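# Per-entry structural report
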Amino acid sequence: MKIVPAIISATLTTALIITLNTQLPVGGSKTPRLGYFLSPQKGFWKNAEPTDISFDEDIKLHGLKAGAEVYFDDRLVPHVYAENDYDAYFIQGYLHAKFRLWQMEFETYVAAGRLSEIVGDSRLNTDKYFRRLGMVYAAENSLKAAEANADTKNALDAYTAGVNNYINNLNENDIPLEYKLLDYKPEAWTNLKTALFLKFMSFDLSGQGDADLGMTNTKNFFGWDTYKKLFPAVADSLDPIIPKGTVFEKAGTTVSTPKNIDSLYLNNTNDVIAAIPPIIPDKDNGSNNWAVAGSKTKSGKPILCNDPHLGLNLPSLWFEMQITTPTYSVYGASFPGTPAIPIGFNDSCAWGETNAGRDVKDFYEIKFKDSTMQEYWFNNAWIKTQFRREVIKVKGKPDDVEMLAMTIFGPVMYDKKFQSNNKDGKYYAVRWTAHDASNELLTFYKLNRSKNYLDYVEAISTFECPGQNFVFACNNGDIAIRQQGKFPAKWKRQGDFVMPGTDSSYMWQGFIDIKENPQMSNPARGFVSSANQMPVDSTYPYYLGRNGNFPLYRGIEINKRLSSMNNITPTDMEELQIDNYNVFAATAKPVLLKYIDENKLNDKEKKYLNIFKSWNLRADINEQGSTIFKILWDSVYAEVYADDYSKAKQPMYWPEHSTLLEALLRDSNYVFADNILTTDKVETMHDVVLTALQKATKTFADLEKNNKLAWGKYKDTRVNHLLKLPALSRLHLPIGGGENIINATKSEHGPSWRMVVQLTDKVEAYAVYPGGQSGNPGSKYYDTFIDTWAAGKYYTLLFLKKQEARHNNRIKWHITFING
Amino acid sequence: MKFFTAILLTALLSFAFGLFSIIPWWSCALCSLLVALSVHQKPSKAFLSGFLALFLLWGIMALIIDFRNEHILATKIAGVLPLGGSAYVVILVTAIVGGLVAGLAALTGSYLRKK
């Protein structure tokens, strides 16, 4: 033996293996273990699916009651034919796991505040945020409610068994790519994970309350009177979901405004709140939905449409499928992570949701006896704090233990241990309806089986959070819409700001009876619609929250268009869903032009102004006018308000764009036009718009030079992988639309599922989503639908009876599941 | 002859071990070491046979997978790692990594046996 060379060589070999078996830090993140990752028998190569893969299989699953047949069509949409409910959800769980395991687990890690377990302490703050919001607490409460109901318990148990069956039979070499990238392994699924997933949706869709902290700063900075001008309570141009003029009954739940509201709340401007949530859901998490009655359609039958606007991600939030048992048959978009179909249709009905946007999350300032937080002052007594232990496991580091202080209001989200900039030593507890035990799954379960209007009403009656506008249509001709949720009955401005938490006077005094929720069925106008606008006008007897929570313009345009349409076909509805007309710009354009004095412009400014002037108000990909409008408007907006906020030190909110536009429509001497930083001059809107145009022109020229003045290039829509890895994302998609436009496609956010269903005797349905059925980036089916989606095209959905599925020429593969 | 036997044995053993998900990826180093201990060669030859065994095994496997996958994933991984977006570079890197590990292990084996 040659000792020295042997030792050197052995050391080198070991060092190389150790290096290749370690996650190496590179630029803030970590590489996979390269040896493992590159190994063709273990690593990513195992996820490179042959493009001619066959999904035909006979699978034995332990725990199935009777068995099931699954037919996959050419788009890899499974059509599940099961003998009973249990097997149907078992198979749904199995299929979700087979195609989307990593994403469904990852999302529940996010919701449960467990990202640090996977990626280390870089995400600790996010984890703390979700723990302190009480996400796990909320999910546990809701799970109790769901498991107390025999039907949802059965569905959850079956679903979990299905997911776990897949995981248990999964060869470790075949786990999804992302596990290999981040170097961890799938764990067992539980019913709690489904509850966590649904709570994440509640979080994502009830983010309106998160603004309370920054809004308190804003009010305190400007004072109540100025605040009211910046944030008016109503919008002039509102076209509510329930048309103006509808007569509402007197409030069934009366609320009394606290007597000291002026001194303690509205005019109390002493507080400064440094705490700001590290994540705020996209303000435009919203959607369009509508249903037109047979009186307005060519077929004489209703058509229902829905497109939920959410973050655009790969793998997609949605997984398309059909579920059929001997008692019902449903088709639609399912959530990997959850049994049943949240948006879709069956033999007789179709339904869809948009976000209600009501404020169901409020903050209270708590007075603790001392910094141990053992006791807090409430209704003239010291109350013992309950603590909830939240252990955050951190990869490569010791656990982080949070003792979550639970008050009568809810968990204390912000204190000096969370949010380093919150040095004021104050404590803010959060009251959120998602903390209350509720069974949202039951609604989807029942909707899937509903046969008529009464079934629909019954199905949605238990849905509490996040509040949704449920649209409905039935093949007997009924159409309906109802804003459903558990909404606190509030006095005006209650919960717009952080409230005093030292007694019960500022607590929610009750909830609105669901019979009083805004609703409408078979209206004379022949359609119902919602686009996240305020659901009712000011004659509704309850306070709905800040006006800014409710976008105005899509609703206006949808209602205008539907009113004028007749003889409607599904193709007309598709065209409406992808329509790029910008009603906000249409309103703003003449206002802007009014203030521009062309004599004061140079040639360059005139050139861009002319493009704007001749713009057709559409946000199509090639329209330069759309880009110019957006930049010019933002420039005007900044010019109007920037000076007013220039001395603000705390995180604050700026007014809604609609507020500025409505102010300009109302009054040319808008009080905020004056630049308060220039003491020698009182600026008018003429000055503002001129300066704004001059500033914007530089941007226009830069964009033009870089060939990015066309709207599609400027907006640059992409569908990001959940880990934000560009190589796994789809970038630079040629698609128009944007904010305030029916086709609400922004750069990373927009219609995550587009569906049009005509309820003829044989249901006709069309849909598309920006993703693909497989969550595997190595699969041909990973992003199959994205180009179709971007082009504004739809797929004709196959809704098949079992005997038809066998012979349909679009059916490509078949899995037989048997109990074994 | 020994040279080709070593290559073949190393590749076959590594492939067989790789089939078991419980056995880690670096089992190929053990296989290479084992073969170098049993089939005695000069250090340079041992290195080369170990290297070639895994270079070819991993390279050919990756090549076949990539072909059947129409370069979909390898192209993406070439963007993630980052390797300039070329699937072939990813295949080459895969082959070299496998080759180096097995080559060095074989070298060690050869030295351990050497009188």
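Residues numbered from 1 in each chain as written. Chains lettered and ligands numbered in written order. Predicted model: local features only at pLDDT ≥ 70, side-chain atom pairs only at ≥ 80, totals over all residues.

Let us now look at the pairing of strand 28 (residues 754-758) of chain A. All names here are of chain A. Of all five residues in strand 28, five are buried, a share of seventy percent or more. The alternating pattern of strand 28 places Arg754, Val756 and Gln758 on one face and Met755 and Val757 on the opposite face, and all of these are buried. Inspection of the sheet shows strand 7 (residues 303-311) paired to strand 28 by four bridges, in the antiparallel sense. Bridge pairing links Cys305 to Val756 in strand 28. (Buried ≥ 20, exposed ≤ 12 C-beta atoms within 10 Å, placed from the backbone. Helix = DSSP H or I, 4+ residues; strand = E, 2+ residues; numbered from the N terminus. Pairing = 2+ DSSP bridges.)

Our focus in this paragraph is helix 14 (residues 453-460) of chain A. Residues and elements named next belong to chain A. What helix 14 keeps buried is the set Tyr456, Ala459 and Ile460. Looking straight down helix 14, one finds that the buried residues subtend no more than 85° of arc, so they occupy a single side. Those residues of helix 14 that are buried lie in contact with strand 12 (349-355), helix 13 (440-449), strand 20 (468-474) and strand 21 (479-484). (Arc of directions from axis to C-beta. Contact = placed C-beta atoms within 7 Å.)

This part covers the packing of helix 3 (residues 43-68) of chain B against helix 5 (residues 87-113) of chain B. Residue and element names in this part refer to chain B. Direction vectors running N to C along helix 3 and helix 5 enclose 150°, while the axes themselves pass 6 Å from each other. As summarised for this structure, helix 3 and helix 5 are arranged roughly antiparallel, according to the angle between their axes. Crossing hand, helix 3 versus helix 5: right-handed. Classifying every residue of the contact of helix 3 with helix 5 gives 23 nonpolar, nine polar and one charged. (Axes fitted to C-alpha atoms, helices over the stretch in contact; angles between N-to-C directions. Parallel < 35°, antiparallel > 145°, perpendicular 65-115°, else oblique. Left-handed = near helix turned anticlockwise from the far one by under 90°. Nonpolar A, V, L, I, M, F, W, Y, C, P; charged D, E, K, R; others polar.)

For the rest of this paragraph, the subject is the domain arrangement of chain A. Parsing chain A into structural domains produces domain 1 (1-38) and domain 2 (583-715). The C-alpha centroid of domain 2 of chain A is placed 57 Å from the C-alpha centroid of domain 1 of chain A. (Domains from an automatic or database assignment.)

Taken residue by residue, the interface counts 37 residues in chain A and 33 residues in chain B. Where the side of chain A that touches chain B is concerned, the elements lending two or more residues are helix 1 (3-20) and helix 2 (34-38) of chain A. Broken down by element, the residue count for the side of chain A that touches chain B peaks at nine residues, all from helix 1 of chain A.

Residue and element names in this part refer to chain A. With mixed pairing, the eleven strands of this open sheet are ordered in space as 3-31-4-5-9-10-11-12-20-21-23. Whereas interior strands pair on both sides, the edge strands pair on one side only; in this sheet they are strand 3 (57-61) and strand 23 (519-521). Strand-to-strand twist in this sheet, taken as the mean axis angle between neighbours without regard to direction, amounts to 15°. Two strands pair when backbone bridges link them, and strand 4 (residues 68-73) and strand 5 (residues 78-82) are joined in this way by five bridges, in the antiparallel orientation. Within strand 5, the position partnered with Phe72 by the bridge is Pro78. Contacts from helix 3 (residues 85-111) reach strand 3, strand 4, strand 5, strand 9 (319-324), strand 10 (329-334) and strand 31 (811-819) within the one sheet, and its direction differs from that of strand 5 by about 155°.

This part is about the pairing of strand 7 of chain A. All names here are of chain A. For strand 7, the buried fraction is high: eight of the nine residues fall into the buried class. The pairing of strand 6 (residues 286-292) with strand 7 spans seven bridges and is classified as antiparallel. Directly across from Gly286, in strand 7, lies its bridge partner His309. Of the strand pairs in this sheet, strand 7 and strand 27 (residues 749-751) are connected by three bridges, and their pairing is antiparallel. Residue His309 lies in a different strand from strand 27, and its bridge partner there is Pro751.

Let's shift gears to the sheet that holds strand 13 (residues 361-366) of chain A. Residues and elements named next belong to chain A. Ordered in space as 18-19-13-22, the four strands form an open sheet in which the pairing is mixed. A single partner strand is all that each edge strand has here, and the edge strands are strand 18 (412-414) and strand 22 (499-500). Of the strand pairs in this sheet, strand 13 and strand 22 are connected by two bridges, and their pairing is parallel. Opposite Glu365, over in strand 22, you have Pro500 as the bridge partner.

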